[in-house]
Amino acid sequence: MRASFGLLFALIAGCAREPKGFVVGFSQIGAESAWRVAETESIRSEAAARGIELKLADAGGKLESQVAALHAFLARGVSAVILAPQRKDGFEPALRELADARIPVVVVDRGLDCDPSLFATLIASDFTDEGRRAAEWLIAHTQGEVRIAELEGTAGSDPAIERKRGFDERIAAEPRMRIVKSVCAEFQLPKGKEAMEAIWKAEGGGIDAVYAHNDDMALGAIQAIEEAGKAPGKDVLVVSIDATKGAFDAIVAGKLSCAVECSPLLGPAAFDAIERLRRGETLEKRTVVQDRVFDATNAAAERPNRKY
Ligand code: AHR
């Protein structure tokens, strides 16, 4: 049986690696959204505040580059790794190599389909619940038939899979709500706009609401709706997930109907986990980040407090 990461980490950190300095490798997916840029900054600034050397590897949205970054961290012998995995699959072999080398991995933001003994802990929001809450907002604020366009995040990623699952589960109980088209726009604003233009054309404008798996895609869809001569937030309701500053501005302007929060400010929790591992503690396998829901009733009051 594999010994606890915490104990092994404490032993290793206390001898072989410590004299060379404490270095954390952070494998980041890329910078596809405002959310992800904020997450990178949260990890970077927290490392700096704690005086920990951080090696940041931005994979530019490529799974192969993320896996290559993990191999590079292994070769360098970093003290610990923070991983924000693009997809749920594809990481197990590299994680096994890190585990064999006794390098602990703290997974942030997105979950993995792999042997759970290969990482120390997962710190992330409940994406299924986010999808449910977006659906609940739409159900509560509409009447009659609602034809929905769905803009999905990156295929195979935890948030794309779970946000879809949660939303679908909830609207299944409401026969008047129907997703007429789902298109993958990879969490990116320009792709969200393009996808919305294509859906609008294909459906002859017959769309009552947009469910976007993140704010960037929603903001792209808002542009497309306006260019089609319609009023987002009135003619077409738009709901999304993240609750970035951009989303708040769009809610206050009456163009975005609702944003379910998903916090990217994971740096403090990630480094708390690493410090606890250093002390030899065994971590809970999963920490769920608590999120809120914002719409026209509470967005203006919260806007000045937004950190991302
Ligand atoms: O994994 C979190 C998601 O990834 C955020 O909702 C999205 O904006 C990001 O790109």
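Notes on the structure in this doc start here. (Residues numbered from 1 in each chain as written. Predicted model: local features only at pLDDT ≥ 70, side-chain atom pairs only at ≥ 80, totals over all residues. Heavy atoms only, no water.)

Helices and strands together make up the secondary structure of the protein, namely eleven helices and twelve strands. Projecting the C-alpha coordinates of the protein onto the three principal axes gives extents of approximately 65 × 35 × 30 Å. For the protein, with 308 residues in total, the buried portion stands at 53%. Working note: accessible area of the protein is about 12500 Å², and carbon and sulfur atoms make up 52% of it. Looking at charge distribution, the protein has the averaged site of its 40 positive side-chain charges lying 2 Å from that of its 47 negative ones. (Helix = DSSP H or I, 4+ residues; strand = E, 2+ residues; numbered from the N terminus. Buried < 20%, exposed > 50% of the residue type's maximum accessible area, 1.4 Å probe, protein only. Areas by Shrake-Rupley, 256 points an atom, 1.4 Å probe, with all protein chains shown as cover. Lys, Arg positive; Asp, Glu negative; His and termini not counted. Charge placed at Lys NZ, Arg CZ, Asp CG, Glu CD.)

A word on empty space enclosed by the protein. Applying the stated criterion across every chain, the model contains one cavity of 30 Å³ or more. Of the voids in this model, the largest cavity is the one considered here, and its volume is about 80 Å³. Taken together, the elements giving at least two residues each to the lining of the largest cavity come down to helix H2 (34–49) and helix H6 (158–171). Within the lining of the largest cavity, the residues separate by chemical class into five nonpolar, two polar and six charged. (1 Å grid on protein atoms, 1.4 Å probe; cavity = no way out; pocket = protein on both sides within 12 Å on 5 of 7 lines; lining within 4 Å. Points joined across faces, edges and corners; volume = space filled by probe spheres on them. Nonpolar A, V, L, I, M, F, W, Y, C, P; charged D, E, K, R; others polar.)

Before going further, it helps to spend a moment on the packing of helix H5 (residues 127–140) against H6. Orientation of H5 relative to H6, taken along the N-to-C sense of each, is 40°, at an axis distance of 6 Å. By the angle class used here, H5 and H6 are oblique. Every pair of crossing elements has a handedness; the one defined by H5 and H6 is right-handed. Together, Phe127, Thr128, Glu130, Gly131, Arg132, Ala134, Ala135, Glu136, Leu138 and Ile139 of H5 and Asp158, Pro159, Glu162, Arg163, Arg165, Gly166, Phe167, Glu169, Arg170 and Ile171 of H6 make up the contact between the two elements. The residue makeup of the contact of H5 with H6, split by class, is eight nonpolar, three polar and nine charged. (Axes fitted to C-alpha atoms, helices over the stretch in contact; angles between N-to-C directions. Parallel < 35°, antiparallel > 145°, perpendicular 65-115°, else oblique. Left-handed = near helix turned anticlockwise from the far one by under 90°. Contact = heavy atoms within 4.5 Å.)

Turning to the site of the ligand, a few remarks are in order. Every residue near the ligand is listed here: Glu32, Ser33, Trp35, Arg36, Asp109, Arg110, Pro159, Arg163, Phe187, Asn214 and Asp242. In the model, an oxygen atom of the ligand is placed 2.4 Å from a nitrogen or oxygen of the Glu32 side chain. In this structure, Ser33 approaches the ligand through a side-chain N or O atom, which is 2.9 Å from an oxygen atom. Look at the ligand: alone it shows 280 Å² of surface, and the protein chains cover 100% of it. A molecule is said to occupy a pocket when more than half its atoms come within 2 Å of that pocket's grid points, and by this definition the ligand occupies the largest cavity. (Near = heavy atom within 4 Å. Polar contact = N/O pair within 3.5 Å; in protein donor to acceptor, adjacent residues only side chain to side chain. Sits in = over half its atoms within 2 Å of the grid points.)

Turning our eyes to something else, we now look at the side chain of Gln28. For Gln28, the position within the fold is in strand S1 (residues 23–28). A polar contact is formed between the side chain of Gln28 and the side chain of Glu39, at a distance of 2.8 Å. Polar side-chain contacts of Gln28 include one of 3.0 Å to the side chain of Thr40. Contacts of Gln28, omitting those with residues within four sequence positions, involve Arg36, Glu39, Thr40, Leu56, Ala57, Asp58, Ala59, Gln66 and Ala84.

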